[in-house]
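Coordinates in review
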Amino acid sequence: MRRRYRAGWVFTMCGAPIQDATVTVEDSQIVSIEETGIWHDAIDLSQWAIMPALINAHTHLEFSNLKHPLGTQGMTFPQWITEVIRYRQGFGENLAIEKAQAIRSGLKQCAELGVGVVGEIATLPLIEAAYDRPDVQVVSLLEMLGLDRDREQERLVQAREHAIYPWSNENVTPGLSPHAPYSAGMGMIQQCVQLSRKHQLPLAMHLAESLEELELLEQGTGPFRGMLENMGLFQERDFPGGRKPADYIKLLAPAYRAMVVHGNYLAEPDIALLRQYKETMSVCYCPRTHAYFHHDRHPLETLLADGIRVVLGTDSRASSPDLDIWAEVQHVRQTFPDIPDEQLLPMVTRDAAIALGVEDSFGTIDAGQKAMVSAFHIGADCSDVLAAMLGGRPRLWNLGVGLTQLDLATA
Ligand SMILES: [Zn+2]
């Protein structure tokens with residue numbers, strides 16, 4: 001069925017925003033965007049601005065039932081990781097049920113916050129039914145953990161299965177996530193990169209996240225070593241010292257798409273490499289999680305000045321108060337007031353779609369794209385639309401199924 005909407009403003013993310021534009025959709029797809037033309041059958045959205053459905057490029061939905069982040073003020077990053085492991089172990093035999101419930105709740109929270117796409121770090125066992133939520137697209141990046149070579153083959157079999165898994169839900173596409181330098185061996189990361197190339201999968205890896213991680217890589221010492229020793233997982237050969245995030249960026253670079261998650265401590269040589277691979281590599285900054293750990297100032301401005309694609313994520317509710325990606329945008333705006341407002345929007349739309357490999361369906365409002373949009377009520381005679389949006393609350397709308405009075409209610 002064909003539907004038309006006349007919107008006050010359309011931020012297509014593929015050109016300048018258009019005032020008084022008519023968006024035509026057929027079933028679940030956008031057919032056209034027109035600047036002129038009066039259609040008597042168009043639904044009046046003159047007091048609304050729309051942009052592509054928001055994208056939260058990085059989260060772990062299985063922690064979505066947490067009311068508060070884990071850990072306490074002043075803890076080290078490895079102490080927090082230990083808390084996360086303890087939280088998961090606390091469910092015992094109920095882990096699968098609790099996880100399914102948290103994922104379902106997390107997707108509901110996303111939809112209510114205007115988010116239409118999530119980069120989800122998924123862990124085994126995968127619970128397919130938990131993702132049955134057609135209005136939110138899930139890029140399911142299977143978490144790849146393991147330093148022990150004995151189990152590497154078993155994990156790679158799981159990764160290969162994930163790459164070609166026939167999901168019954170159309171809203172899920174696969175990807176892989178070699179977890180982090182302290183938890184995934186270089187051999188396994190390389191194998192993930194090969195699978196990424198073969199199956200055109202996006203990759204995501206936590207990297208340059210904490211000073212403790214840098215110490216482990218550079219010197220083979222520090223709190224991460226202690227944590228791994230406590231778990232019986234530390235081996236000198238895995239951490240010979242003399243390594244830097246750049247070594248991992250080089251490993252990831254041949255992937256179809258690779259996203260460096262956090263990148264809080266990327267130094268100039270790392271950034272120079274990212275610049276070299278900017279067509280396929282991105283950095284995902286998680287602003288409020290970054291603030292939670294009191295990290296040094298994020299190199300966001302340097303990355304943007306170098307033309308490196310930066311996208312935003314909430315990370316999980318184990319380190320973030322909620323899954324509100326728009327609150328992350330607002331946080332960036334406050335922390336980096338020199339970054340122009342226009343530069344914030346691609347981080348949660350077009351660029352995030354490229355980072356996750358879903359740019360053919362999401363991230364822009366254009367013919368052929370999915371008819372999922374984020375809408376902001378701007379009222380009549382709004383003089384600064386972008387400022388109104390940045391101070392406002394997004395709604396997730398599926399223009400393909402039409403809007404109800406509830407969608408349009410402004411209170
Ligand atoms: Zn994460």
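To start, this report covers the structure provided alongside it.

Parameters at a glance
Residues numbered from 1 in each chain as written. Predicted model: local features only at pLDDT ≥ 70, side-chain atom pairs only at ≥ 80, totals over all residues. Heavy atoms only, no water. Helix = DSSP H or I, 4+ residues; strand = E, 2+ residues; numbered from the N terminus. Rg over C-alpha atoms; globule rule 2.2 N^0.38 Å. Buried < 20%, exposed > 50% of the residue type's maximum accessible area, 1.4 Å probe, protein only. Areas by Shrake-Rupley, 256 points an atom, 1.4 Å probe, with all protein chains shown as cover. Lys, Arg positive; Asp, Glu negative; His and termini not counted. Charge placed at Lys NZ, Arg CZ, Asp CG, Glu CD. Contact = heavy atoms within 4.5 Å. Pairing = 2+ DSSP bridges. Axes fitted to C-alpha atoms, helices over the stretch in contact; angles between N-to-C directions.

1. A few points about the overall build of the protein
Per the secondary structure count, the protein includes 14 helices and 14 strands. Radius of gyration (C-alpha) of the protein: 21 Å, near the 22 Å computed for a compact globule of 411 residues. A principal-axis box enclosing the C-alpha atoms of the protein has dimensions of 70 × 45 × 40 Å. Looking at the 411 residues of the protein, the share that counts as buried comes to 56%. Carbon together with sulfur atoms contributes 49% to the accessible area of the protein, which is approximately 17,100 Å² in total. Within the protein, the 52 negative side-chain charges are centred at a point lying 3 Å from the centre of the 34 positive side-chain charges.

2. Some words on the environment of proline 69
Assignment of secondary structure puts proline 69 in the loop between β5 (54–59) and α1 (77–89). Sequence spacing of proline 69 and aspartate 322 is 253 residues, and the spatial spacing of their C-alpha atoms is 8.9 Å. Aside from chain neighbours lying at most four places away, what touches proline 69 is Tyr292, Arg317, Ala318, Ser319, Ser320 and Pro321.

3. Looking at the sheet that holds strand β4 (residues 43–52)
The mixed open sheet is built from six strands, whose spatial order is β3-β2-β1-β4-β13-β14. The open sheet has two free edges, formed respectively by β3 (29–34) and β14 (395–398), since each of these has just one partner strand. Shown here is a sheet whose adjacent strand axes are inclined to one another by a mean of 45°, direction ignored.

4. Here's the deal with unusual backbone geometry
Negative phi characterises most residues that are not glycine, and trans characterises most peptide bonds. Proline 125 follows leucine 124 through a cis peptide bond whose omega is -5°. Topologically, proline 125 is positioned in the loop between β6 (115–122) and β7 (137–144). The backbone phi angle of glutamine 200 is positive, close to 55°, even though this residue is not glycine. Residue placement: glutamine 200 occurs in the loop between α4 (186–199) and β9 (202–207).

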